[in-house]
Amino acid sequence: MLRLADVLEALTGNRPEASLIISEAAVDSRQVIPGAMFVALPGEHADGHDYLASAFDRGAHIALVQHDCSAQFPTLDLRSGSLPESHQIPEPPFCLWVEDSLAALQTIAGFWRQRLDVRVIGITGSVGKSTTKELVAEVLGQRYRTLKNPGNLNNEIGLPLTLLQLSEGTQRAVLEMGFFVPGEISFLCKLARPQVGVITNVGTVHAERAGSQEAIAQGKGELVEALPPSPEGVAILNYDDPWVRGMAARTKARVFYYGLDPRSHLWADDIEGLGLKGIRFQLHVRNETLHLRVPLIGRHSVHTVLRAAAVGLVEGLSWQEVIDGLQHSLTQLRLATVRTSSGALIIDDSYNASPESTLAALNLLSEIEGNKVAVLGDMLELGPYEQEGHEIVGVRAAEVANQLVTVGRLGNLIAKAARQAGMPAQSITSVEDVNSVAELLNGMLKSEDVVLIKGSHGLRMDRIVSSLEAES
C-alpha cells in the first residue's frame, strides 16, 4: 500500500516518518477518491492547478503541483530534490511543490514498481492490444491476483497511474503500452520493468506521426529490447507478421512464437467464424491438440486467443486454467450490437479505425447472415499509407457488402476502390459527415439488414449509432 513516506523517498531519496496512506493517484479532480494523490497537470485547455480546491474537497490527501500554491494551501517545497532541512510535514490536505508534476508522478510510479515483487506483462501493437490485455488478465486471473490498465490508460500519464494501483499482494500486472513516437515504449518500460512482452502486430496506424511502418516496427520493438534475458524474460511474438517475427533478433529474452503457421510454438487451424456466437478452432502446442470454442467474435480473434494462451502457458498455468479463462471471458471491447426500430442489426465498431482493424470488421460482417451494409469513414493518421489503406478497404468492402456508405473526404477513396472492384455504383453512397448518415440509414434499413459502422474516432461515427438507437 503506497504511503506518503514512499512518495517522499521517491522524490527526495530520504524516507521520513510519514505513515499517511495514499489510496491512488488521479489527474482529474472529478475522479479523486478519499485519500488520493491529485496530480495537477497543466494542459492546453485546462490547468489542474485550478482544481486543487475541488480535489481536496473530494478527499485528496496531497497534491503534486509545479506552481507555488502556498498562498492557498499548506505546501512542502521539494523543488531542490531533497527535503528542506527544517521540514515539517503538514497535516493533510497539502501540496508537494515539484519542478514538473508529470515527471514527479512518473518518478513515484517507477519507484513504487521497483519496490514490489510482481511479474509485469507488457503488451503493444498496432491493432488488438486492448482486447489482448483484457483476455490475458482474464486468463492469468484464474490463478494469480492480477492488475490491468483500466480503460486506455496506456501512455506516459495513464501507465504511471496504473502502476500506483499495484499493491504488495499483486502477483501479475498486465499493462497495455501505447505508441505514437519512437522512444515512448522504451520510456514506459523503464517505469514498468516488464518481464514478459507481447507484440500483436505492426500496422499502419499512427504512421503519420511515426513516419513509416519501419519506424512503427522500431518503436514497438522497444518492448522486447527492454526485457530481461532468458529465462526470466519472455518475448511473445506474432509469427504471422514478418515485422514482429523479426524482433526476435532484438531481444535477449526467450522467444515464444504464436500464429497460424505450424512453425510457431503455439498455433491454430480449422478456424470457423460463428458470427456473433464466437469462433471455433483447433489449438496446437508441442504434441497436443485442443478443440476450442470461445465467445470472442470474428476469425481475427483467434490471434487474441493465441496471445492470451501463450501468456498463460509461459506463466505456468495449466491448460484447464487457460481454457477456463478463455471460455468464460466477457472480453469484446469497443464492439456492441443494437437494433433499430425497423429490426436492423447495428454492429458498433465506431471507436477507431485502421486498415487492419477495418478489414477484420468486414471479415466479421461476412460471417453474419443478412443483407450486409458497411458504413465506413475516414481512417486517420495513416501518413504515406493513406491512399493504399483506404483502397484496400474499398476492395474488401466490395467483396463483402451489399451496400456501402462512406463518410468523409478519405471515405471517397474507399468508394472509388469499391466501384473499381466491381461494386455497382447504385449500391454506393458517399456523404461528407456523420450528420446525414442516420437520416439516410433510417430511410433505407429493413429487418434483414446487418450494418457495420466503422471509422476513426475523429469523425464521431458513434453519433450515428446513438441516433439510430435513440430512435429505435
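For clarity, every value in this text was computed on a predicted model and none was experimentally measured.

K.L.:
Explanation requested: the sheet that holds strand 14 (residues 288–294) in the structure shown.
P.N.:
Strands in a sheet are paired, the pairing made by backbone hydrogen bonds, and the direction either parallel or antiparallel. Read from one edge to the other, the open sheet built from nine strands follows the order 7-8-6-9-10-11-12-13-14, with strand pairing classed as mixed. The open sheet is flanked by strand 7 (146–148) and strand 14, the only strands paired with a single partner. The sheet shows a mean angle of 20 degrees between the axes of neighbouring strands, direction not considered. With five bridges connecting them, strand 10 (residues 234–238) and strand 11 (residues 254–259) associate as parallel partners. Pairing of valine 234 across the sheet is with arginine 254, part of strand 11.

K.L.:
Is there a simple way to explain the sheet that holds strand 1 (residues 25–26) in this structure?
P.N.:
Overall, parallel pairing links the five strands, which are arranged 1-2-3-5-4 in an open sheet. Every other strand in the sheet has two partners, leaving strand 1 and strand 4 (75–77) as the edge strands with one partner each. Bridge analysis of strand 4 against strand 5 (residues 94–97) gives three bridges, and the strand direction is parallel. Along strand 5, the bridge assignment pairs threonine 75 with cysteine 95. Sheet contacts for helix 1 (residues 4–12): strand 2 (37–39), strand 3 (62–65), strand 4 and strand 5; angle to strand 5, the most-contacted strand, approximately 20 degrees. Its contacts with the sheet place helix 3 (residues 101–115) against strand 1, strand 2 and strand 3, and it is angled at close to 125 degrees to strand 3.

K.L.:
Which parts of the structure should I look at to understand the state of the cysteines?
P.N.:
A covalent bond bridging the sulfur atoms of two cysteines is what the word disulfide describes. The final tally for this structure, using the stated rule, is zero disulfides. With no disulfide of its own, cysteine 95 lies 5.0 Å from the sulfur of cysteine 69, the closest cysteine sulfur. A relative accessible area of 0% places cysteine 95 in the buried class.

K.L.:
It is not clear to me how the packing of helix 14 (residues 386–400) against helix 15 (residues 411–420) should be interpreted in this structure. Could you clarify?
P.N.:
How two helices sit against one another is set out by the angle between their axes and by the gap between those axes. Interaxial distance between helix 14 and helix 15 falls to 7 Å at its minimum, and their mutual angle equals 50 degrees. If you check the angle between helix 14 and helix 15, you find them oblique. Relative to helix 15, helix 14 is oriented so that their crossing is right-handed. Listed contacts from helix 15 to Glu386, Gln387, His390, Glu391, Val393, Gly394, Val395 and Ala398 of helix 14 are Leu413, Ile414, Ala417 and Ala418. A per-class count over the contact of helix 14 with helix 15 returns seven nonpolar, three polar and two charged.

K.L.:
I'm lost on the side chain of glutamate 315 in this one. Help?
P.N.:
Following the sequence through the fold, glutamate 315 ends up in the loop between helix 11 (301–314) and helix 12 (319–327). Note on glutamate 315: relative accessible area 6%, which makes it buried.

K.L.:
Just checking my understanding: could you explain the layout of surface pockets for this structure?
P.N.:
Where empty space is left becomes clear once a probe the size of a water molecule has been rolled over the atoms. In this structure, the second largest pocket spans a volume of roughly 350 Å³. In terms of lining, the second largest pocket is formed by 18 residues, of which the most central are Val27, Leu41, Gly43, Ala46 and Gly48. Broken down by class, the residue content of the lining of the second largest pocket amounts to eight nonpolar, five polar and five charged.

K.L.:
Please clarify how the packing of aromatic side chains should be interpreted in this entry.
P.N.:
By the definition in use, this model includes two aromatic pairs. Ring centres 5.1 Å apart and planes at 70 degrees place the aromatic pair phenylalanine 56 and phenylalanine 73 in the edge-to-face group. Of this pair, phenylalanine 56 sits in helix 2 (residues 52–57) while phenylalanine 73 sits in the loop between strand 3 and strand 4, placing them 17 residues apart in sequence. Taken as a pair, phenylalanine 56 and phenylalanine 73 share a single burial class, namely buried. Plain terms: the ring middles of tyrosine 239 and tyrosine 257 are 5.0 Å apart, the flat faces sit at 85 degrees to each other, and that makes the pair edge-to-face. Note that tyrosine 239 is positioned in the loop between strand 10 and helix 10 (242–245) and tyrosine 257 in strand 11, a separation of 18 residues in sequence.

Basis of the calculations
Residues numbered from 1 in each chain as written. Predicted model: local features only at pLDDT ≥ 70, side-chain atom pairs only at ≥ 80, totals over all residues. Heavy atoms only, no water. Pairing = 2+ DSSP bridges. Helix = DSSP H or I, 4+ residues; strand = E, 2+ residues; numbered from the N terminus. Axes fitted to C-alpha atoms, helices over the stretch in contact; angles between N-to-C directions. Contact = heavy atoms within 4.5 Å. Disulfide = S-S within 2.5 Å. Buried < 20%, exposed > 50% of the residue type's maximum accessible area, 1.4 Å probe, protein only. Parallel < 35°, antiparallel > 145°, perpendicular 65-115°, else oblique. Left-handed = near helix turned anticlockwise from the far one by under 90°. Nonpolar A, V, L, I, M, F, W, Y, C, P; charged D, E, K, R; others polar. 1 Å grid on protein atoms, 1.4 Å probe; cavity = no way out; pocket = protein on both sides within 12 Å on 5 of 7 lines; lining within 4 Å. Points joined across faces, edges and corners; volume = space filled by probe spheres on them. Phe/Tyr/Trp six-rings, centres within 6.5 Å; stacked < 30°, edge-to-face > 60°.

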